[in-house]
There are 2 protein chains.
Amino acid sequence: MRAYDIIAKKRDGLVLNESELKYLIDGYVQGVIPDYQISAFTMAVFFQGMTNDETASLTKIMLESGDKVDLSGIPGVKVDKHSTGGVGDKLSLIVGPLVAAAGIPVAKMSGRGLGHTGGTIDKLSSIPGFQVQLSTDRFIKQVREIGLAIVGQTGNLVPADKKLYALRDVTATVESLPLIASSIMSKKLASGAEKIVLDVKVGSGAFMKSKDDAFQLARAMVRIGQDMNRETVAVISNMDEPLGNMVGNALEVEEAIEVLSGRGPEDLRNISLELGAWMITLAGAAFGIDEAKEKLASFIDDKSGLNKLAAMIRAQGGDDHVVSDTSILPQGKYVSRVYAPQSGVLSEVNAHQVGLAAMTAGAGRSTKEDNIDMGAGIKLAAKMGQKVKKGELLAEVYAESTEKAQAALNILEQAYAFGEYKEQPMIFGTVTSRDNESSA
Amino acid sequence: MRAYDIIAKKRDGLVLNESELKYLIDGYVQGVIPDYQISAFTMAVFFQGMTNDETASLTKIMLESGDKVDLSGIPGVKVDKHSTGGVGDKLSLIVGPLVAAAGIPVAKMSGRGLGHTGGTIDKLSSIPGFQVQLSTDRFIKQVREIGLAIVGQTGNLVPADKKLYALRDVTATVESLPLIASSIMSKKLASGAEKIVLDVKVGSGAFMKSKDDAFQLARAMVRIGQDMNRETVAVISNMDEPLGNMVGNALEVEEAIEVLSGRGPEDLRNISLELGAWMITLAGAAFGIDEAKEKLASFIDDKSGLNKLAAMIRAQGGDDHVVSDTSILPQGKYVSRVYAPQSGVLSEVNAHQVGLAAMTAGAGRSTKEDNIDMGAGIKLAAKMGQKVKKGELLAEVYAESTEKAQAALNILEQAYAFGEYKEQPMIFGTVTSRDNESSA
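Thoughts on the sheet that holds strand 8 (residues 344–349) of chain A
All names here are of chain A. If you trace the 3 strands from one edge of the open sheet to the other, you get 10-8-12, paired in antiparallel fashion. Pairing within the sheet leaves two strands with one partner each, and these edge strands are strand 10 (387–388) and strand 12 (416–418). Sheet topology places strand 8 next to strand 10; 2 bridges connect them, and they run antiparallel. Each bridged residue has a counterpart across the sheet, and for G344 the counterpart in strand 10 is V388.

Following this line, the structure appears as structure tokens:
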């Protein structure tokens with residue numbers, strides 16, 4: 001077998017078998033097959049795509065390239081949640097505690113953020129004292145004891161994906177549905193969950209810009225889950241404007257606490273309940289989405305979700321007073337403000353622009369080495385569809401220097417447009433393992 | 001400017017400007033842009049193609065990456081000939097002397113062979129004493145004195161193409177028309193010719209398998225020549241069966257001498273006259289192809305072409321007795337023979353198979369490091385369309401060991417098919433700078 005022939009086969013639109021894919025990926029991880037052959041291959045995949053079987057094989061091969069987390073020491077059905085990434089996406093901080101409150105163990109490994117979307121691990125790091133790196137043993141012990149842990153990745157999970165993603169990232173071959181699907185699913189499968197709920201975001205602030213692409217990606221990932229005997233559901237949700245009103249690490253922790261306290265913005269509450277409902281339904285703790293949502297809503301009302309969050313913060317060394325007093329979180333010293341330049345209806349609050357502005361304010365990384373200002377970010381005072389008057393406050397930028405606040409402001413001002421607004425649903429549809437697909 | 005953005009732009013089907021291509025190619029030659037970005041780029045070009053302007057820019061950038069041969073010290077119009085490669089293609093050994101006999105200087109740099117097609121330089125090396133590496137000064141002096149020199153490449157010509165071709169060769173991105181066209185033309189332009197005649201071969205033994213592709217490649221190259229103010233003509237010729245009857249280094253020198261002596265196979269003589277006629281017409285030494293052919297035919301009849309070859313061999317240190325006594329050429333010690341397994345009409349003598357068989361016999365290299373047996377090769381005793389009887393001799397294999405002779409035989413036997421034969425023209429058409437195109 002030669003790498004050359006495998007590349008040429010894919011280039012010419014032929015289907016690769018599992019042993020060919022394995023030869024390529026294993027050879028790459030072992031350093032036998034060079035970068036330049038793999039980047040030619042991923043570009044060929046960009047143009048020719050992959051069949052379902054090829055995508056499933058690739059996922060399996062990547063999954064087998066490293067360690068797998070063994071969650072069998074935790075009783076109950078382990079359900080994981082994954083988001084393809086959006087701006088203001090603090091859903092794990094809300095959904096995790098609510099699902100744990102329902103008695104379903106949540107053992108979640110999460111990533112750091114890069115680019116215009118933030119990472120859950122960065123957000124949690126803004127809580128004074130909070131430890132994101134636990135040993136696997138301590139991670140599992142914590143989930144057994146309190147039902148909830150959110151930590152950075154432990155062990156050498158999916159090294160093939162790490163190496164492949166780094167290469168795709170510099171060769172313009174990230175944007176390939178089968179490569180995205182296998183990358184996400186290999187990591188989820190390696191994290192040990194038995195059931196998986198995927199939040200596939202679509203819109204200006206998401207990786208997927210079109211609903212068609214988002215549904216295709218969702219189908220590809222659900223099919224992989226099915227092939228690997230892990231029931232998987234994908235919810236396709238709207239990311240045209242930021243989720244909730246807060247973007248930035250400490251600010252998003254604050255807003256998650258708001259929602260778990262029964263306050264907070266409605267869009268954020270609704271999608272939290274939807275995703276959580278799928279999780280506990282898959283785990284067998286509810287008989288349908290509507291019942292599940294009611295159940296989770298009751299865990300907001302009786303504060304048991306908030307208490308779970310506090311328990312997790314405590315267990316991971318953080319100051320759990322934060323759940324009743326968010327003023328202990330860091331906050332950017334300098335504030336700049338965007339005011340409405342005209343009266344009218346906000347037809348756009350572009351999530352991508354808001355994400356870039358938050359990153360510029362100091363809330364995110366443009367390269368892996370960048371430092372984050374935990375108190376930096378953006379508070380939106382108005383959302384899409386809202387009628388505003390000229391001079392009314394649209395948003396506040398928090399930053400650690402006036403320069404950063406001003407630079408962020410310059411970007412943030414580009415996020416707004418006025419005109420006609422057509423209301424869009426928050427959730428466009430769902431793809432399930434049973435191949436039942438509903439779309440709004 | 002970032003390599004990433006240029007790759008993404010090509011991937012998405014947008015047109016690159018000259019400064020973007022220059023950034024990429026110069027950066028690659030300087031080692032600033034890594035292999036893995038360039039191979040992703042060439043794969044994107046494979047799928048998205050290049051406009052005429054892009055192809056011309058790429059050619060110019062590659063041309064400027066290294067030395068250029070200065071032929072201005074040679075009086076007269078310098079015309080070069082290039083073949084895209086075929087099996088049994090010893091045309092340069094015939095056309096060069098004939099054109100020189102017409103008083104048109106031929107200063108030709110040629111390559112070594114790789115794969116199933118042989119290189120002119122290897123063929124000449126089979127002549128006892130013949131030197132293929134001359135200094136540029138001696139090369140030019142020889143052309144001034146006798147009007148003809150064929151040598152290996154001197155100087156650092158088109159290093160960008162060397163590096164790019166080596167990468168394309170291992171990433172399945174050789175097969176891209178604009179990349180092939182710019183690779184060939186940058187080398188021809190760097191070799192210093194003012195006018196260029198291209199022999200674009202099409203068929204089983206050629207790189208181009210379809211006439212459409214061959215004409216497209218021809219048009220792309222002629223257009224580049226035009227853009228660079230070097231009048232260029234491309235002849236599209238048939239390479240379904242080997243050219244002439246001999247394949248192998250010494251055997252092809254022998255057959256070239258046969259043609260220059262007024263003997264030798266008709267197909268070889270005809271295409272030699274056609275290509276030579278275009279060369280002397282472009283150089284202004286004839287007023288039309290028919291007149292030019294007659295002129296060149298007279299240089300066969302009066303042996304002035306053969307005398308030019310002898311003069312070149314002498315000037316380059318070789319034994320010029322070879323032109324009257326080819327028995328001084330090396331010949332493989334072992335012979336194996338293919339006989340017709342049935343009676344009937346030969347519907348196929350597959351050039352690719354014959355080329356592979358010759359390589360296996362020892363006449364070619366499968367890797368750059370392989371040694372060549374100068375006396376190895378194949379003598380065809382029957383050509384396509386010929387009626388043969390069961391048991392009649394089809395071909396002889398010459399090799400330096402019985403093992404090589406037998407291995408070659410096993411491949412050669414696959415080259416033959418019997419059945420209906422439809423005669424094909426030797427020349428399918430011509431593409432000229434004046435955009436006049438004729439096709440047979």
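A few points about the packing of aromatic side chains
Considering all chains together, one arrives at 3 aromatic pairs over all chains under this definition. Between the aromatic rings of F47 of chain A and F47 of chain B, the centroid separation amounts to 4.4 Å while the plane-to-plane angle is 10 degrees, which identifies the pairing as stacked. Of this pair, F47 of chain A sits in helix 3 (residues 35–48) while F47 of chain B sits in helix 3 (residues 35–48), placing the two residues on different chains. An aromatic cluster is built from F46 and F47 of chain A together with F46 and F47 of chain B, whose rings are joined through pairwise contacts. Taking NZ or CZ as reference, K163 of chain A lies 4.6 Å from the ring centre of Y28 of chain A, over its face.

Quick look at the packing of helix 3 of chain A against helix 8 (residues 159–170) of chain A
Residue and element names in this part refer to chain A. In contact at an axis separation of 10 Å, helix 3 and helix 8 are set at 70 degrees when each is read in the N-to-C sense. Between helix 3 and helix 8, the crossing angle belongs to the class labelled roughly perpendicular. Contact with helix 3, carried on its side by D35, I38, S39 and T42, involves L164, L167 and R168 of helix 8 and no other residues of that element. The residue makeup of the contact of helix 3 with helix 8, split by class, is 3 nonpolar, 2 polar and 2 charged.

Here we look at the domain arrangement of chain A
Each assigned domain of chain A is listed with its residue range as follows: domain 1 (3–63), domain 2 (79–325 + 426–439) and domain 3 (331–418). For domain 1 of chain A and domain 3 of chain A, the distance between their C-alpha centres works out to 42 Å.

Points about the sheet that holds strand 11 (residues 393–399) of chain B
Residue and element names in this part refer to chain B. Within the open sheet, the 4 strands sit side by side as 6-9-11-7. Their pairing is antiparallel. In this open sheet, the two edge strands, each paired with only one partner strand, are strand 6 (246–247) and strand 7 (334–339). Sheet topology places strand 7 next to strand 11; 6 bridges connect them, and they run antiparallel. The residue bridging S336 from the neighbouring strand is V397, located in strand 11. The strands touched by helix 15 (residues 351–363) within the sheet are strand 6, strand 9 (377–380) and strand 11, with strand 9 carrying the most contacts at an inclination of about 135 degrees.

Side note on the interface of chain B and chain A
Listed by partner, the interface residues are 22 residues for chain B and 22 residues for chain A. Interface area, chain B with chain A, both sides summed: about 1,800 Å², of which 70% is carbon and sulfur. Our enumeration of links across chain B and chain A arrives at 2 salt bridges. Among the salt bridges present, the one from E175 of chain A reaches R11 of chain B, with a minimum N-O distance of 3.0 Å. Taken together, the links from chain B to chain A amount to 9 residue pairs in polar contact (both at pLDDT 80 or more). Elements that contribute at least two residues to the side of chain B that touches chain A include exactly helix 1 (3–11), helix 3 and helix 8 (159–170) of chain B. Here the side of chain B that touches chain A gets 10 residues from one element, more than from any other, and that element is helix 3 of chain B. Taken together, the residues of the side of chain B that touches chain A sort by class into 12 nonpolar, 5 polar and 5 charged.

Topic: the environment of K10 of chain A
Residue and element names in this part refer to chain A. Within the fold, K10 resides in helix 1 (residues 3–11). Residue classification places K10 among the buried residues on the basis of a relative accessible area of 2%. Distance from K10 to M359, taken between C-alpha atoms, is 38 Å for residues 349 residues apart in sequence. Ignoring any residue separated from it by four or fewer positions in sequence, one finds K10 in contact with L16, F41, A44, V45, Q48, G49, M50 and E54. Within the structure, the side chain of K10 is placed 3.1 Å from the side chain of E54, a separation counted as a polar contact.

Focus on the environment of G119 of chain B
Residues and elements named next belong to chain B. Within the secondary structure, G119 sits in the loop between strand 2 (106–110) and helix 6 (120–125). Using a relative accessible area of 5% as the deciding quantity, one classes G119 as buried. For the pair formed by G119 and Y334, sequence separation is 215 residues and the distance between their alpha carbons is 23 Å.

Description of helix 8 of chain B
Given 3.6 residues per helical turn, the α-helix brings residues three or four places apart onto the same face. Taking 1.5 Å per residue, 12 residues should reach 16 Å; helix 8 of chain B reaches 17 Å between its end C-alpha atoms and fits that length. Along helix 8 of chain B, the residues that are buried comprise P159, A160, D161, L164, L167 and R168 of chain B. In this structure, the buried residues of helix 8 of chain B make contact with helix 3 of chain A together with helix 2 (18–29), helix 3, helix 4 (52–63) and helix 9 (177–190) of chain B. Just past helix 8 of chain B, the residue A172 of chain B takes up positive phi, approximately 60 degrees.

With respect to the pairing of strand 11 of chain B
On a regular strand, one side chain projects to one face of the sheet and the next to the other, so that they alternate. Residue and element names in this part refer to chain B. When you tally the buried positions in strand 11, you get 6 out of 7 residues, the bulk of the element. Looking at chain direction, strand 9 and strand 11 are connected through 4 bridges and run antiparallel. Directly across from K379, in strand 11, lies its bridge partner E396.

Section: the nonpolar core
Membership of the largest hydrophobic core comes to 132 residues, with the highest contact counts inside it found for F139, V200 and I236 of chain A together with F139, V200 and I236 of chain B. In contact with F139 of chain B, other than residues within four places in its own chain, are L71, A107, K108, M109, L134, A149 and V151 of chain B.

Notes on the pattern of salt bridges
Residues and elements named next belong to chain A. Under the criterion given, the structure shown has 50 salt bridges over all chains. Residue R11 is joined to D12 by a salt bridge in which the shortest nitrogen-to-oxygen separation is 2.9 Å. Here K90 ties to E255 by a salt bridge, and the two come within 2.6 Å at their closest N and O atoms. Placement of the pair is K90 in the loop between strand 1 (79–83) and helix 5 (91–101) and E255 in helix 11 (residues 249–260), with a sequence separation of 165 residues.

Here we look at the relation of the copies chain B and chain A
Superposing chain B onto chain A takes a rotation of 180 degrees plus a shift of 0.0 Å along the axis, which leaves an RMSD of 0.0 Å. Between the two chains, the operation in question is that of a two-fold axis. Minimal C-alpha distance to the rotation axis in chain B is attained by Y36 of chain B, lying at 1.9 Å. With an isologous cut-off of 70% or more, the 100% of interface residues of chain B that recur at the interface of chain A puts this contact in the isologous class.

Regarding the side chain of S110 of chain A
Residue and element names in this part refer to chain A. Within the element layout of this structure, S110 appears in strand 2 (residues 106–110). Exposure remark for S110: the relative accessible area of 16% places this residue in the buried category. Residue contacts for S110: discarding those within four places in its chain leaves T120, I121, I150, V151, G152 and Q153.

Section: the packing of helix 4 (residues 52–63) of chain A against helix 9 (residues 177–190) of chain A
Residue and element names in this part refer to chain A. Interaxial distance between helix 4 and helix 9 falls to 8 Å at its minimum, and their mutual angle equals 40 degrees. The orientation of helix 4 with respect to helix 9, classified from their angle, is oblique. Between helix 4 and helix 9 lies a crossing of right-handed hand. Residue-level inspection shows T55, L58, T59, M62 and L63 of helix 4 in contact with helix 9, the latter providing P178, L179, A181, S182, S183, M185, S186, L189 and A190. Taken together, the residues of the contact of helix 4 with helix 9 break down into 9 nonpolar, 5 polar and no charged.

What to know about the confidence of the model for chain A
A residue-level look at chain A finds 98% of positions with pLDDT of 70 or above and a mean pLDDT of 94. Interface confidence for the predicted complex, expressed as ipTM, amounts to 0.85; the pTM equals 0.87.

Some points on the side chain of S401 of chain B
Residues and elements named next belong to chain B. Turning to its location among the elements, S401 is positioned in the loop between strand 11 and helix 16 (402–412). On the basis of relative accessibility, which here comes to 18%, the residue S401 falls in the buried class. Within the local environment of S401, its side chain forms a polar contact with the backbone nitrogen of K404, the two atoms lying 3.0 Å apart.

Criteria and thresholds
- Residues numbered from 1 in each chain as written.
- Chains lettered and ligands numbered in written order.
- Predicted model: local features only at pLDDT ≥ 70, side-chain atom pairs only at ≥ 80, totals over all residues.
- Heavy atoms only, no water.
- Pairing = 2+ DSSP bridges.
- Helix = DSSP H or I, 4+ residues; strand = E, 2+ residues; numbered from the N terminus.
- Phe/Tyr/Trp six-rings, centres within 6.5 Å; stacked < 30°, edge-to-face > 60°.
- Lys NZ or Arg CZ within 6 Å of the ring centre and 35° of its normal.
- Axes fitted to C-alpha atoms, helices over the stretch in contact; angles between N-to-C directions.
- Parallel < 35°, antiparallel > 145°, perpendicular 65-115°, else oblique.
- Contact = heavy atoms within 4.5 Å.
- Nonpolar A, V, L, I, M, F, W, Y, C, P; charged D, E, K, R; others polar.
- Domains from an automatic or database assignment.
- Buried area = accessible area lost by both parts, 1.4 Å probe.
- Salt bridge = Lys/Arg side-chain N within 4 Å of Asp/Glu carboxyl O.
- Polar contact = N/O pair within 3.5 Å; in protein donor to acceptor, adjacent residues only side chain to side chain.
- Buried < 20%, exposed > 50% of the residue type's maximum accessible area, 1.4 Å probe, protein only.
- Expected span 1.5 Å × (residues − 1).
- Core = buried A, V, L, I, M, F, W, Y, C linked by side-chain atoms within 4.5 Å.
- Least-squares fit on C-alpha atoms with pLDDT ≥ 70 in both.
- Left-handed = near helix turned anticlockwise from the far one by under 90°.
- pLDDT = per-residue confidence, 0-100.

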